[in-house]
Amino acid sequence: MASLHLWRLLSLYISAIAAVLRRASSALSHLIRCSIIVTLIESCLSLYFIFLGLSPTTVELDDHTTVHFWTSAHRRFSRPNLVLVHGFGGNSRWQFLQLVGPLSRSFNLYVPDLLFFGKSHTFRRDRSEGFQARCVVEGLGIGCGRCRVFGISYGGYVAYRMAEMWPEVVERVAIASCGIGYTEEQKREHLGKLGTSVTEIFLPESPKNLRRLLNLSIYKFDPLKWAPDFFLQHLIDYLSLIFEMCCGSLGNVKGLRKEKLELLEHLLARKSIQTFPFPSETMLIWGDKDDVFPPLLAFQLQRHFGPKTKLEIIKDTGHALNIDSPARLYELIESFSLGCSNSKDDI
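Residues numbered from 1 in each chain as written. Predicted model: local features only at pLDDT ≥ 70, side-chain atom pairs only at ≥ 80, totals over all residues. Heavy atoms only, no water.

Asks: Would you mind going over the nonpolar core with me for this structure?
Replies: Soluble globular proteins tend to bury their nonpolar side chains together. By size, the foremost hydrophobic cluster in this structure holds 54 residues, and its most contacted members are Val-83, Val-149, Tyr-154, Met-162, Ile-175 and Trp-286. With sequence-adjacent residues up to four places away left out, Val-149 is seen in contact with Leu-82, Val-83, Val-85, Ala-159, Met-162, Val-170, Arg-172, Val-173 and Ala-174. (Core = buried A, V, L, I, M, F, W, Y, C linked by side-chain atoms within 4.5 Å. Buried < 20%, exposed > 50% of the residue type's maximum accessible area, 1.4 Å probe, protein only. Contact = heavy atoms within 4.5 Å.)

Written as C-alpha cells, this is what we have:
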C-alpha cells in the first residue's frame, strides 16, 4: 500500500516536471524562432548598409560609454559630411532605411545609434539630449571635421544641441518634427489632448498603445490595419525585446526600457527654451498632418531661430516624414545640406 502511494506521488512529480519542461521547451522554441527572424531582418539591414558603402564602427568614449556608428567606408574629400540622427522609434538602420541609399551618393555619411538604441549605451546617469549630443560629437572625433546634421523628432533635440554647443563643427542643421520650442502652456495643453501617458504611447506595452503610436506618427497608411491584437502583443512581448538583445545592447532588456523611460521623462520635465542663440544655417521640415508636434510649432521655431532659418511644410505627411514622404524628405535634406535651393510652392 505504501509503495502504491509512493508510486502515485512519484508519478505526480514526474507529470508536473514533464509539463513544466514541455512549456519551457515550447517557449524556448518560440523564442528561438523569434530570435532567428529578428536576426535575419537585422542581418539584411546590415548587408544593405554595407552594400551602400557604409561600415559599422563602435567607439568607446570612456569606461562608461560606447557609441555605435554606420559610416562611409571610403570617405571622399570632395563630398561634404552629413550626420543623420534618428528619433525614438528605433535604431538608425530602421529609421533611415529609405534615406541612406540616395544620400550616400552625395555625402560622406555618419549615422549614429543614440544611447540605449542599437549598440550604443552608457552607465552614466545623464539622460539629457546635451549628453547625447556630446557623445555623438566625441564619437565623430577629428575624422569627420566640419559637417551638416539632420535630426528627426527626438534626434532633432540632439541635432539642435550639437549645433548650439559646437558651432565650429556644425555648418548647417536640418530639424524635422521636433518639440524644441514648446512653451509650458503648449506642452500641458498638447499632453492633455493625448489623453494618456506619453510614456505609454511612445514605449507601448499593449496593442492598443502600439496602434495609437503608429496612428499618431503615420498619416498616409495604417501598417497595422489587418494585424490582430494577439500578433501585436507577441510583437511587443517577444520581438522588440529580442531585438535589443540581438543588437548587442546591454542585455538587460528591462533596464533598456527603464533608460528609455528616463530619456522621455527628462524631455517632459525640461523647461522650455526661451532664447535661441543659433549661428548655424537652419532648415525646419514638418508634415502638415503632424499630430505629435503640430505645424504651428514649426512657424514658432522659425521666428525664434531668426532669418537664417528656412521652413518647408510637406503636404499630406504626418510626424514620421521618413515613412510618409521619404523621397521629398531626401530632396530637402540633400538640397539644403549641399547649399542648393529646392523649395516647392506646393508643399
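Having seen it, we continue.
Asks: Would you explain the pairing of strand 7 (residues 170-176) in this entry?
Replies: Successive residues of a regular strand alternate their side chains across the two faces of the sheet. In terms of burial, strand 7 is largely enclosed, as 6 of its 7 residues are buried. Pairing between strand 6 (residues 147-152) and strand 7: 6 bridges, direction parallel. Each bridged residue has a counterpart across the sheet, and for Gly-151 the counterpart in strand 7 is Ile-175. A crossover links strand 6 with its parallel partner strand 7, the connecting element being helix 5 (residues 154-165), and its sense is right-handed. Of the pairings in the sheet, the one linking strand 7 to strand 8 (residues 281-287) comprises 5 bridges and is parallel in character. Across the sheet, residue Ala-176 finds its bridge partner in strand 8, namely Ile-285. (Helix = DSSP H or I, 4+ residues; strand = E, 2+ residues; numbered from the N terminus. Pairing = 2+ DSSP bridges. Right-handed = clockwise from strand over helix to strand, strands pointing away.)

Asks: What is the right way to read the packing of aromatic side chains from this model?
Replies: Aromatic rings in a pair are described by how distant their centres are and how their planes are angled relative to each other. In the structure shown here, the tally under the stated rule is 8 aromatic pairs. Summarising the aromatic geometry, the rings of Tyr-48 and Phe-49 are spaced 6.4 Å apart at their centres and angled 70 degrees between planes, so their arrangement reads as edge-to-face. Ring centres of Tyr-160 and Phe-305 lie 5.8 Å apart, and the angle between their planes is 10 degrees; on these two criteria the pair is classed as stacked. Of this pair, Tyr-160 sits in helix 5 while Phe-305 sits in helix 11 (residues 296-305); the two residues are 145 residues apart in sequence, bridging distant segments of the chain. Phe-305 matches Tyr-160 in its accessibility class, with the two residues each being buried. One aromatic cluster in this structure is built from Phe-88, Phe-117, Tyr-154 and Tyr-157. Cation over ring: Arg-172 sits above Phe-336, and NZ or CZ is 5.2 Å from the ring centre. (Phe/Tyr/Trp six-rings, centres within 6.5 Å; stacked < 30°, edge-to-face > 60°. Lys NZ or Arg CZ within 6 Å of the ring centre and 35° of its normal.)

Asks: Whenever I open this one, unusual backbone geometry confuses me. Can you help?
Replies: Negative phi characterises most residues that are not glycine, and trans characterises most peptide bonds. If you check the backbone angles, Phe-116 has positive phi at about 75 degrees while not being a glycine. Tracing the sequence through the fold places Phe-116 in the loop between strand 4 (108-113) and strand 5 (121-122). One non-glycine residue with positive phi stands out, namely Asp-316, at about 50 degrees. Following the sequence through the fold, Asp-316 ends up in the loop between strand 9 (309-314) and helix 12 (321-324). Its relative accessible area of 40% is what places Asp-316 among the partly exposed residues.

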